[in-house]
Amino acid sequence: MPEMAIEGYGGCDARDWDEEGYRKSILQERELRCRTVFRTAFAPSQSPNPETVVVASSDGAVASYSLASCISATSQPLHVNKVVNQKTLPGPLLAEPLFIIKGHKGPAYDLKFYWHGEECLLFSCGDDGHLRGWNWKELLNSDIHGDMQGNSLKPILELANPQHEGPWGALSPIPENNAIAIDEQEGSVFSAAGDACAYAWDVETGKQKVVFKGHADYLHCITARKSSHQIITGSEDGTTRIWDCRSGICTQVIRPEKNFKSKVSSWVSSVATDTSESWLACGTSTGLSVWSLLSSECIFSINSRSPVQDLLFDDNQILAVGSEPVLTRFSINGAALSQIKCAPQSAFSVSLHPSGVIAIGGYGALVDVLSQYGSHLCTFCCAGLDT
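Residues numbered from 1 in each chain as written. Predicted model: local features only at pLDDT ≥ 70, side-chain atom pairs only at ≥ 80, totals over all residues. Heavy atoms only, no water.

The name an unreviewed UniProt entry assigns to the chain is WD domain, G-beta repeat, from the organism Musa troglodytarum. In UniProt, the chain has this text filed under Sequence similarities (unreviewed entry): "Belongs to the WD repeat THOC6 family." (UniProt positions renumbered as here; feature names shortened; annotations may be inferred.)

**Student:** Requested: an account of the sheet that holds strand β10 (residues 130-135), with residues and values cited.
**Tutor:** The four strands lie next to each other as β8-β9-β10-β11, forming an open sheet whose pairing is antiparallel. Each edge of the open sheet is held by one strand with a lone partner, namely β8 (108-116) and β11 (157-160). This sheet shows a mean twist of 20° between the axes of neighbouring strands, independent of strand direction. Bridge count for β10 against β11 is four bridges, and the pairing is antiparallel. Across the sheet, the residue bridging to G133 is L157, located in β11. (Pairing = 2+ DSSP bridges. Helix = DSSP H or I, 4+ residues; strand = E, 2+ residues; numbered from the N terminus. Axes fitted to C-alpha atoms, helices over the stretch in contact; angles between N-to-C directions.)

**Student:** I'd like a description of the side chain of S188, backed by residues and values.
**Tutor:** Note on placement: S188 falls in strand β13 (residues 188-193). Here S188 falls in the buried class, since its relative accessible area comes to 2%. With residues near it in sequence (within four places) discarded, S188 still touches Y114, I182, D183, W201, V203 and K209. (Buried < 20%, exposed > 50% of the residue type's maximum accessible area, 1.4 Å probe, protein only. Contact = heavy atoms within 4.5 Å.)

**Student:** Could you give an account of the state of the cysteines, with specific residues and numbers?
**Tutor:** On inspection of all chains with the given rule, the structure shows zero disulfides. Not part of a disulfide, C381 finds its nearest cysteine sulfur in C382, a span of 6.5 Å. Judged by relative accessible area, C381 falls into the buried class, the value being 2%. (Disulfide = S-S within 2.5 Å.)

**Student:** Account for the sheet that holds strand β3 (residues 61-66), naming residues and giving values.
**Tutor:** Pairing in this open sheet of four strands is antiparallel, and the strands run β1-β2-β3-β7 from one edge to the other. Single-partner strands in this sheet number two, and they are β1 (37-42) and β7 (99-102). Geometrically, the sheet is characterised by an average inter-axis angle of 15° between neighbouring strands, direction not taken into account. For β1 and strand β2 (residues 52-57), the ladder comprises five bridges, and the chain directions are antiparallel. Looking at the pairing, R39 lines up with A56 of β2.

**Student:** Any chance you could break down the layout of surface pockets for me, citing the residues and the numbers?
**Tutor:** Using a probe with the size of a water molecule, rolled over the atoms, empty space left in the structure can be pinpointed. Taken as a whole, the second largest pocket holds about 330 Å³ of empty space. Around the second largest pocket, the lining comprises 19 residues; the ones closest to its centre are S304, S306, E324, T328 and Q339. Every element with two or more residues in the lining of the second largest pocket is listed here: β22 (287-292), β23 (297-303), β25 (317-322), β26 (326-331) and β27 (336-341). Grouping the constituent residues of the lining of the second largest pocket by class yields nine nonpolar, eight polar and two charged. (1 Å grid on protein atoms, 1.4 Å probe; cavity = no way out; pocket = protein on both sides within 12 Å on 5 of 7 lines; lining within 4 Å. Points joined across faces, edges and corners; volume = space filled by probe spheres on them. Nonpolar A, V, L, I, M, F, W, Y, C, P; charged D, E, K, R; others polar.)

**Student:** Which residues make up the nonpolar core, and what are the values?
**Tutor:** Core analysis: the largest hydrophobic core is formed by 24 residues, its most contacted members being V55, Y65, C70, V367, V369, F380 and C382. For this core, the secondary-structure elements that each account for two or more residues are β1, β2, β3, α2 (67-72), β30 (366-370) and β31 (376-381). (Core = buried A, V, L, I, M, F, W, Y, C linked by side-chain atoms within 4.5 Å.)

**Student:** Requested: an account of the pattern of salt bridges, with residues and values cited.
**Tutor:** Tallying each qualifying case throughout the model produces nine salt bridges. Two residues, R35 and D59, come together in a salt bridge whose shortest N-O distance is 3.9 Å. Taken as a pair, R35 in the loop between α1 (19-34) and β1 and D59 in the loop between β2 and β3 lie far apart in primary sequence, 24 residues in all. Note on accessibility: R35 and D59 belong to one class, buried. Between D110 and R39 there is a salt bridge, and its shortest N-O distance comes to 2.9 Å. Taken together, the residues D110 in strand β8 and R39 in strand β1 connect sequence positions 71 residues apart. Residue D110 is classed as buried on the basis of its relative accessible area of 1%. A relative accessible area of 16% means that R39 is categorised as buried. What emerges from the salt-bridge pattern is a single network uniting R39, D110, K112 and D310. (Salt bridge = Lys/Arg side-chain N within 4 Å of Asp/Glu carboxyl O.)

The structure is reproduced here in structure tokens:
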């Protein structure tokens, strides 16, 4: 039978069609598009400029990337690209990680560095309810890549949230850990959990020190106020609570939603203090507010069109990101000083290096790196464990 060319398809021969490869590429692209970076963190170094950024992702991966390599690399196409006027439009750089490990079963939500003497630990937490401490030097020297999935490297500290006993002695699932805070002076690491509690752990012994109970719903965020031996938590119940670290007692309850015009109930997604630990910023599903921790007064509150999902202080200014692709810089008085479009359509993390460089992570496994002047240094797509 003579070969027949199908009109409009340029005489393509379907006999060489790789159906399995095509299906695999579609699934890989779909997984890549849906993967999310929940946390970015700049790794400590001797250089005044940032060298490495570490990310925690929705596939449970914990990975690090060389900023110099990402900045110098040219854009490379993703698995499938759009063709316009017979030209392939490249996607963001698919970066090669320095290392990538399977940090958690289920999503990895947060990362924090902890100096323990001369030893640096990287703490990670996730949906599996575990808090893991990794030796940072071992991670850098491990040369672990995605095909190994990090199974050969074990954490030096493994902590798990307690299970709660229900009817007939049945145990509940281990509640997830959504955020981490550290206090190196007290030798403590704190976790914000899905059972409406925060936990304090002793890094030296690995034992639980204090349980902080009082919220009515699960916790989204936590930060340590080290100068006052306190932690501050934010919850789905719409409140921010300040706790004494030694007694576990709640000393103050802040209700950010009372200062917003919206009548819709909101949750507290992020909390941060300035370097003096005198000011508190609260990001919620309806806006942003800043409070004086000395007078317990609200300095300003701003309604937003979309939820604020992460924020931090940059001297006397606040950087905030959320479910829109914008980084907003506010003054301490609430004035919006600038807005910069960022790559993730929904951003979950903003990190600041002492040099002023900013890293933003979010939907699509994207990380956007900005200079201290607001220009885009690079945008890269994080590799997955199966990439």
